[in-house]
Amino acid sequence: MHIHSIRTKAYFVNDLMLSYNHQKWGANVQLNNLFNVKWNEAQFATETQLKEEALPVTDLTYTPGSPFGVRVGVYYKF
């Protein structure tokens, strides 16, 4: 490992989708983040400096990933 390096945390997210399709209609159920893992969807190394800081600081900023969620869909073909 290098000095002054930034490392991100690994994650393993599981989703489940069940779908039924008929000739004219269908339905599906999605279970997102099945085990409710805390994860970061996007991670960036960002350099910032506040007024009272003498030197800039490089830190990790992130967009949190979505928690457990359920989606249900139904469709009909015309």
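Predicted model, so just to flag it, every value in this text is computed and none were measured.

What counts and how
- Residues numbered from 1 in each chain as written.
- Predicted model: local features only at pLDDT ≥ 70, side-chain atom pairs only at ≥ 80, totals over all residues.
- Heavy atoms only, no water.
- Pairing = 2+ DSSP bridges.
- Helix = DSSP H or I, 4+ residues; strand = E, 2+ residues; numbered from the N terminus.
- Phe/Tyr/Trp six-rings, centres within 6.5 Å; stacked < 30°, edge-to-face > 60°.
- Buried < 20%, exposed > 50% of the residue type's maximum accessible area, 1.4 Å probe, protein only.
- Contact = heavy atoms within 4.5 Å.
- Polar contact = N/O pair within 3.5 Å; in protein donor to acceptor, adjacent residues only side chain to side chain.

Draft legend 1. The pairing of strand 2 (residues 25-32), seen in detail. Bridge count between strand 1 (residues 16-21) and strand 2: six bridges; the pairing is antiparallel. Each residue of the ladder has a partner; that of M17, found in strand 2, is Q30. With eight bridges joining them, strand 2 and strand 5 (residues 69-76) adopt antiparallel strand pairing. Each residue of the ladder has a partner; that of Q30, found in strand 5, is R71.

Draft legend 2. Structural context of the packing of aromatic side chains. Taken as a whole, this structure holds three aromatic pairs when the rule is applied. Ring geometry for Y11 versus W39: centroids 5.3 Å apart, planes at 45°, classification tilted. Here Y11, found in the segment before strand 1, pairs with W39, found in the loop between strand 2 and strand 3 (40-48); they are 28 residues apart in sequence, far enough to count as distant. By relative accessible area, Y11 is classed as partly exposed at 39%. Their ring planes at 75° and their centres at 5.9 Å tell us that Y76 and F78 sit as a pair that is edge-to-face.

Draft legend 3. A look at the side chain of N33. For N33, the position within the fold is in the loop between strand 2 and strand 3. N33 gets classed as buried once you look at its relative accessible area, which sits at 2%. Those residues in contact with N33 that lie beyond four places of it in its chain are V13, N14, D15, W39, S66, P67 and F68.

Draft legend 4. The arrangement of the environment of F78 in detail. Tracing the chain through its elements places F78 in the segment after strand 5. It is 9.2 Å that separates the C-alpha atoms of F78 and W25, two residues lying 53 residues apart in sequence.

Draft legend 5. Local environment of the side chain of N40. Here N40 shows up in strand 3. At a separation of 3.2 Å, a polar atom in the side chain of N40 contacts the side chain of Q43. What N40 contacts, discounting residues up to four positions off in sequence, is Y11, Y62, T63, P64 and G65.

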